Amino acid sequence: MKQTFYSNGKLLITGEYLVLDGAKAFALPTKFGQNLIVEKGSNQEIKWKSYDKDGTIWFEDTILFSDISTKTISETESVKSTLTTILKEAFLKNPDFINNSEGYHVTTQLSFPKNWGLGTSSTLINNIAQWLKIDAFELLKNSFGGSGYDIACAQNDTPILYHLEQDKPIVEKVVFNPEFLENLYFVYLNKKQNSKAAIKSYYNHRNNNLVKTIANNNQLTHAVLHANTLKKFSDAIEEHEAEMSIILEMKTVKESLFPDFNGMVKSLGAWGGDFVLAVSKENPTDYFKKKGFETVVPYSEMILI
């Protein structure tokens, strides 16, 4: 019997990095996501095949049940070893999927290009958790790490406020439908950022005044979410960007790449890659294309509304 599971991608609008320390983050699930299809197999193994948006296979391998059920951890950093680690953690929560099965054929299909950074890993983890009826937040924590906001986006079809309280995920569905949505665009920076490396950098740079920094973040997150004019929204994200610039000891993306842009540009998630948010009164596509950034997606085409 074929089983199909689906999870949404994600974009983090405010609270990047600080969400790891309990700050409130405003995040948006995307119209793009990933399917996971499970069919019966044999030989005590999983034949795994992963397709990119354009139909090309970006990963294909066979994982033995014995590799999943043993405690041995691979020292190599590869797609197969990462996937095996996730499945090992899933096995600890639900061993029946290995103990009571002959094998599986598993296929994944992205509806966004893999290098966009919209959550190839988080959508996979949430899909595996759905398949095996286990807690996706725990599976993420035990295998990949991170705050879990991306799992919350995978599971919800509306904008969310997300934070950690005593290490537990708190998800609040919110309404974000200001009149200026048509002035918001997402621009791909032509490179995927490594989340693990970015998080490590944050921990190395964060300051000691964390309580005040988080309180300020939460105030700005509230301002972004409830802004009723384009100017108030732009001012709030500009202030947020400036605060993070100080914490990370990095230039803002506007300073480094788009100093002449007539509008506001904000990093989303890991600084230095993936998508940025552009706020502009006029359609900025030509501006970004002249700078070499071909992928400019209007809010309405990217975000679940």
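All of the points below concern the structure found in this document. (Residues numbered from 1 in each chain as written. Predicted model: local features only at pLDDT ≥ 70, side-chain atom pairs only at ≥ 80, totals over all residues. Heavy atoms only, no water.)

## Describing the overall build of the chain
Next, step 1: Summing up its helical and strand segments, the chain has 12 helices and 11 strands in all.
Next, step 2: For the C-alpha atoms alone, the extent of the chain along its principal axes is close to 60 × 40 × 35 Å.
Next, step 3: Counted over contacts in the chain with a minimum sequence separation of 6, partners at least 24 positions apart contribute 69%.
Next, step 4: When the accessible surface of the chain is split by element, carbon and sulfur atoms take 48% of a total near 14,800 Å². (Helix = DSSP H or I, 4+ residues; strand = E, 2+ residues; numbered from the N terminus. Contact = heavy atoms within 4.5 Å. Areas by Shrake-Rupley, 256 points an atom, 1.4 Å probe, with all protein chains shown as cover.)

## Re the pairing of strand β8 (residues 184-188)
Next, step 1: Along β8, five of the five residues are buried, which leaves the element largely enclosed by surrounding structure.
Next, step 2: Across the two faces of β8 the burial is the same, with Leu184, Phe186 and Tyr188 and Tyr185 and Val187 all buried.
Next, step 3: Pairing of β8 with strand β10 (residues 275-279), which is carried by five bridges, proceeds in the antiparallel orientation. Bridge pairing links Tyr185 to Ala278 in β10.
Next, step 4: In this structure, β8 lies alongside strand β11 (residues 296-298), joined through three bridges in antiparallel fashion. Looking at β11, one finds that Val187 is bridged to Val296. (Buried < 20%, exposed > 50% of the residue type's maximum accessible area, 1.4 Å probe, protein only. Pairing = 2+ DSSP bridges.)

## Comments concerning the side chain of Thr252
Next, step 1: Inspection of the secondary structure assignment puts Thr252 in the loop between α9 (230-248) and α10 (253-257).
Next, step 2: Beyond its immediate chain neighbours, meaning those up to four positions away, Thr252 contacts Glu241, Ser245 and Trp271.

## As for the pairing of strand β2 (residues 25-40)
The side chains of a regular strand alternate between the sheet's two faces.
Next, step 1: With 10 bridges connecting them, strand β1 (residues 3-14) and β2 associate as antiparallel partners. Its bridge partner lying in β2, Asn8 is registered against Gly33.
Next, step 2: The pairing of β2 with strand β6 (residues 160-165) spans three bridges and is antiparallel. Paired with Ala27 across the two strands is Ile160, which belongs to β6.
Next, step 3: Bridge count for β2 against strand β5 (residues 104-110) is seven bridges, and the pairing is antiparallel. Each residue of the ladder has a partner; that of Ile37, found in β5, is Thr107.

## Quick word on the nonpolar core
Next, step 1: Residues Leu36, Trp48, Leu87, Phe97, Ile128 and Trp131 are the most contacted members of the largest nonpolar core, which totals 40 residues.
Next, step 2: Not counting the four nearest positions on each side in its chain, Phe97 is found in contact with Phe65, Ile68, Leu87, Ala90, Phe91, Tyr104, Trp131 and Leu132.
Next, step 3: Of all hydrophobic cores here, the second largest spans 33 residues; its members include Phe32, Leu181, Phe186 and Met264. (Core = buried A, V, L, I, M, F, W, Y, C linked by side-chain atoms within 4.5 Å.)

## Considerations on unusual backbone geometry
Next, step 1: One non-glycine residue, Lys133, lies in positive phi territory at about 55 degrees.
Next, step 2: With respect to the helices and strands, the residue Lys133 is situated in the loop between α4 (120-132) and α5 (136-143).
Next, step 3: Phi angles above zero are rare outside glycine, and Gln166 is one such case at about 50 degrees.
Next, step 4: Looking at the secondary structure, you find Gln166 in the loop between β6 and β7 (168-173).
Next, step 5: Judged by relative accessible area, which is 78%, Gln166 ranks as exposed.

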